[in-house]
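Each chain, letter by letter, is given below.
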Amino acid sequence: MSNLPIRNINKLSYLFQPTTSTISTSKKAELSSKSYENLIKYGLIKQVNSGMYAFLPLGLRVLNKLIVLVDTEMEKIGAQKLLLPALTSTQLWRKSNRFNDNINELFKLRDRSHREYILSPTHEEAICSVVSSVGSLSPRMFPLRLYQISNKWRDEIKPKLGFLRSREFIMKDLYTFDKDLDGAKETYALVCETYENIFKKIGITYIKAIGDPGTTGGLMSHEYHYISSIGEDNVYTCSSCQYSINKVMSKESQCPECGSVLKQNRTAEVGHTFLLDTKYTIPLEVTLRVKNETKPAVMGCYGLGLSRIFTVMTELLSTKEELRWPKNLAPYTVCIILPKVGSKEESALQYVKDIIEIFNQLKTDIILDDRTHLTIGNRLIHARITGFPYVVIIGKSAIQSPPLIEIHDINSSTNCQIPLGDISSYFNREGINI
């Protein structure tokens, strides 16, 4: 462990990252996903029960960056963030007639007074109960857009591949209320545009497809998918006009828009939108006042599976042996590797504070690999498998004249040596913005 007098900097010597060379599992199928294997092997997630996983510090940093991205886009459309209880009364689900339809997937429990609850997989009934409890709403309150990011639960029969199909997962769920169907359709289009902005900022190609409304119901539904061999869906897409539809919703092999042949892709669903109309607002009495009368509000719901996005984007970007992340979502953008103690390069430690100050001015998050008892080569391997997008090495070139700093762009497998004074311009060119 390094004794460098550098404070308020994250250091690898203090990081809780329990790595393992093997994964204990009786299901060989679990290892068919490189993301699942590497996330556990390299200490980003940890299984605690069947279908239930802990986000360890590095994994949680990725998730939190994804949450910030989503929060930013939600704020742009005037969505207000709240947090609903995990437990929902079964009485509400009986009012919406969804209890029996989902009974095999629900975690159910009773309190000491024998009242029955479920651990909510979604919160349409709960949000309607909250909104209706304040009475009929004034038309001035619309459109009303409320969302949360929280843990959800589903009693999966066969959990697999970490958060791809888990019993506990993290979802962003947005619920919107409008005065009429026309307003709800405008909101629906706006949220779909926002979802597209989110996926564009993540930077991985996605498919928006006509979706299966399932037991959630509604007048219209779209799904967001990543093309992935570990997915459980099949989506038909037209290469001519980009029309896409979930296979379960289509009986035709030709595009209804242009007549071209539809191509089938194996996909993983990571988002879903529903135009619900009054399916929930009528039975749960979410109303607005119009002159001397009341009428039901028109509702939409919109989900993003954040823990599933975390899993699938890792699967798509990573190599067999090394994790990879979108640069704006990596646990740390830059890993700085210090010289090994007792080596000829140790004199280059004089540049560490200057390099840290450069990244502070760039507002780029960094972690210092201060495990100076290890070789630079060993620490570079660790940085690569963890997926830090950039590695800055203070090594042999730093004791030359003039001193040069070694920079590795891990995602593109390139490296260069540049003067200390050029680090800022290098990363400005890279467009790093955390």
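Keep in mind that what you see is a predicted model, and the values were worked out from it rather than measured.

(A) Quick look at the side chain of N246. Topologically, N246 is positioned in strand β12 (residues 244–246). Of the residues examined, N246 reaches a relative accessible area of 2% and is grouped as buried. A distance of 2.8 Å separates polar atoms of two side chains, one belonging to N246 and the other to E223. Side chain to side chain, N246 and D233 meet in a polar contact 3.4 Å long. Discounting residues that sit within four places of it in the chain, N246 has contacts with A209, I210, E223, H225, D233, N234 and V235.

(B) Inspection of helix α5 (residues 181–202) at higher detail. Helix length check: α5, at 22 residues, gives a terminal C-alpha distance of 31 Å against a target of 32 Å (1.5 Å per residue), a fit within 8%. Along α5, the positions that sit buried rather than exposed are G183, A184, T187, Y188, V191, C192, T194, Y195, I198, F199 and I202. Where α5 begins, the side chain of D180 points an oxygen toward the backbone nitrogen of D182, at a separation of 3.3 Å. Positive phi appears at G203, one or two residues downstream of α5, with a value of about 90°.

(C) Quick look at the confidence of the model for the protein chain. Taken residue by residue, the protein chain gives an average pLDDT of 94. The fraction at 70 or more is 95%. Predicted confidence is poor over residues 25–31, with pLDDT under 50, and the contacts of this stretch with residues over four places away or in other chains come to ten contacts.

Conventions adopted
- Residues numbered from 1 in each chain as written.
- Predicted model: local features only at pLDDT ≥ 70, side-chain atom pairs only at ≥ 80, totals over all residues.
- Heavy atoms only, no water.
- Helix = DSSP H or I, 4+ residues; strand = E, 2+ residues; numbered from the N terminus.
- Buried < 20%, exposed > 50% of the residue type's maximum accessible area, 1.4 Å probe, protein only.
- Polar contact = N/O pair within 3.5 Å; in protein donor to acceptor, adjacent residues only side chain to side chain.
- Contact = heavy atoms within 4.5 Å.
- Expected span 1.5 Å × (residues − 1).
- pLDDT = per-residue confidence, 0-100.

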